[in-house]
Amino acid sequence: MTDAHAESDLDPALSVESVADLAVRISDNVEQVIVGHHDAIEDILVALFARGHLLLEDVPGVGKTMLARAIATSIDASFKRVQFTPDLLPSDVTGVNVFNQQTREFEFRQGPVFANVVLGDEINRAPPKTQAALLEVMEELQVTVDGTTRRVPDPFTVIATQNDVEPDRTYDLPLAELDRFMKKIHLGYPSVADEAELLGRVSGHHPIESLSAVATASDVRRAREAVVGVTVSEPVRAYVSRLAASTREYAHLGVSPRGSIALIRASQARAALDARDFVVPDDVQREIQSVWAHRIRTSDGTPGATIVERALDDIEVE
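Nothing here was measured: the structure is a model prediction, and the numbers come from that model. (Residues numbered from 1 in each chain as written. Predicted model: local features only at pLDDT ≥ 70, side-chain atom pairs only at ≥ 80, totals over all residues. Heavy atoms only, no water.)

## Description of the environment of glutamine 142
Right, so step 1: Relative to the elements of secondary structure, glutamine 142 occurs in strand S6 (residues 142-145).
Right, so step 2: Each C-alpha atom of the pair glutamine 142 and proline 153 lies 9.0 Å from the other, and the pair is 11 residues apart in sequence.
Right, so step 3: What glutamine 142 contacts, discounting residues up to four positions off in sequence, is Glu136, Val137, Thr149, Arg150, Arg151 and Val152. (Helix = DSSP H or I, 4+ residues; strand = E, 2+ residues; numbered from the N terminus. Contact = heavy atoms within 4.5 Å.)

Here it is, written out as C-alpha cells:
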C-alpha cells in the first residue's frame, strides 16, 4: 500500500458545507483558465468527488487537455498525459520492468497512470489491447506487471478524451470500458463572447502558467469521505432501480447494476456540491444523462440519451 493510500485512511470527512465551498473554490480557480464551461467543470468535480472517471468526447481544440491540467493544478495533484496512438503498447500506459545493468536486477519504471489525474488523450486511437490496460487501473486502482501489483496514488481519476471527427482512424471503445467511465460529457464550441474573452486571456502568457493550487489532495480525499456519507433513502434507491429497468425495456442493452451504482454515487456528490447530506430525485435527474446515456445500446441506433428521456417520462417519483 502506498503512502497516499495509508494517509487516506486517516483523512476525516469534510462537512457537506465544506465540500460545497471546496467545489466553488476549485471551480472559480479553473475558470481563470477555462471560459464558458462551468457545467463541465462541475461534472468533473462530481466524478472526482464520487471516485469516478470521466470521458470527454469532442472535436480537437476546444480545451479538453487544458481543462484537465487546470483541475489537477487547482488541487495540487500530480498530472500525467498519455497521447494514445495506434502503436501505443499497454506497457507504455502501466509501466514496465527494466533490467539494471549495474545492480543486475529488474527495476519497475512507472507508467503515466501513476498520477492523481491522468489524461488519456484521444483514447479511441489506440488498439483495444492498449485501451484494456486502463481497465484494471480504473476499476481496481492498481497495476499488475509481471505478477507484482502496485497501487496508484490516491486520489486517482482518469479523464479521457475521444476523437469523434475521424471515425475511420479510430477504434470503438468496448462497452466494458465505457462502463468504467462514470460520466461522459461534451464541451462544445464556446459562444462568440466566451471565445473573445478566451482570446484576450491568452494573447500574452497563458493563464495556466500562473495558476496556483487552492486545495490539496487531502482535501479531495476528505471530500470523497463526505460524499460516501451522503444519505440515499429507500424511495430514491427504488426510483433509480425503476429507471434502470425502464431502459432495459427500450434498449438491446440497458443500464447495468454498475450503471445504477454510478448514478447513486454521482447523485451523492451532486447533493454534497449543493451542501446537502441527503439525495433528492432532482440530483438523480441532473446526473442521469451524463452517467447513463453512454452505457445504452439499441438495435435500431436510437441514441442512449433518447432512451434515458423515455425512462424519465415513464417513471414517476414516488
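## Observations concerning the packing of aromatic side chains
Any aromatic ring pair is given by two values, namely how distant the centres are and how the planes are angled relative to each other.
Right, so step 1: Taken as a whole, this structure holds two aromatic pairs when the rule is applied.
Right, so step 2: Ring plane angle 65 degrees and centroid distance 5.2 Å describe the contact between phenylalanine 99 and phenylalanine 106, whose orientation is recorded as edge-to-face.
Right, so step 3: With a centroid separation of 5.8 Å and 75 degrees between ring planes, the pair formed by phenylalanine 108 and phenylalanine 114 is classed as edge-to-face. We note that phenylalanine 108, like phenylalanine 114, is buried.
Right, so step 4: Here the guanidinium or amino end of arginine 150 rests over the ring plane of phenylalanine 108, the centre of that ring lying 3.9 Å away. (Phe/Tyr/Trp six-rings, centres within 6.5 Å; stacked < 30°, edge-to-face > 60°. Buried < 20%, exposed > 50% of the residue type's maximum accessible area, 1.4 Å probe, protein only. Lys NZ or Arg CZ within 6 Å of the ring centre and 35° of its normal.)

## Quick word on the packing of helix H3 (residues 38-49) against helix H11 (residues 257-273)
Right, so step 1: It is at 8 Å that the axes of H3 and H11 come closest, and there the two elements cross at 115 degrees. Seen along the crossing, H3 lies across H11 with a hand that is right-handed. Contact with H3, carried on its side by Glu42, Asp43, Val46 and Phe49, involves Ala266, Ala269, Arg270 and Leu273 of H11 and no other residues of that element.
Right, so step 2: Here the residues of the contact of H3 with H11 are counted per class, giving five nonpolar, no polar and three charged. (Axes fitted to C-alpha atoms, helices over the stretch in contact; angles between N-to-C directions. Left-handed = near helix turned anticlockwise from the far one by under 90°. Nonpolar A, V, L, I, M, F, W, Y, C, P; charged D, E, K, R; others polar.)

## Notes on the pattern of salt bridges
Right, so step 1: Within the structure shown, the criterion is met by 15 salt bridges.
Right, so step 2: Its salt-bridge partner being arginine 81, residue aspartate 121 comes within 2.8 Å of it at the nearest N-O pair. Of this pair, aspartate 121 sits in strand S5 (residues 117-121) while arginine 81 sits in strand S2 (residues 79-83); the two residues are 40 residues apart in sequence, bridging distant segments of the chain.
Right, so step 3: For aspartate 121, a relative accessible area of 7% translates into the label buried. (Salt bridge = Lys/Arg side-chain N within 4 Å of Asp/Glu carboxyl O.)

## Overview of the sheet that holds strand S9 (residues 183-185)
Right, so step 1: Read from one edge of the open sheet, five strands run S2-S5-S8-S1-S9, paired in parallel fashion. Edge positions in the open sheet fall to S2 and S9, since each of these has one partner strand only. Averaged over all pairs of adjacent strands, the angle between strand axes in this sheet comes to 15 degrees, irrespective of strand direction.
Right, so step 2: Sheet topology note: the S5/strand S8 (residues 157-163) ladder contains four bridges and is parallel. Bridging across to S8, valine 117 finds its partner in threonine 157. (Pairing = 2+ DSSP bridges.)

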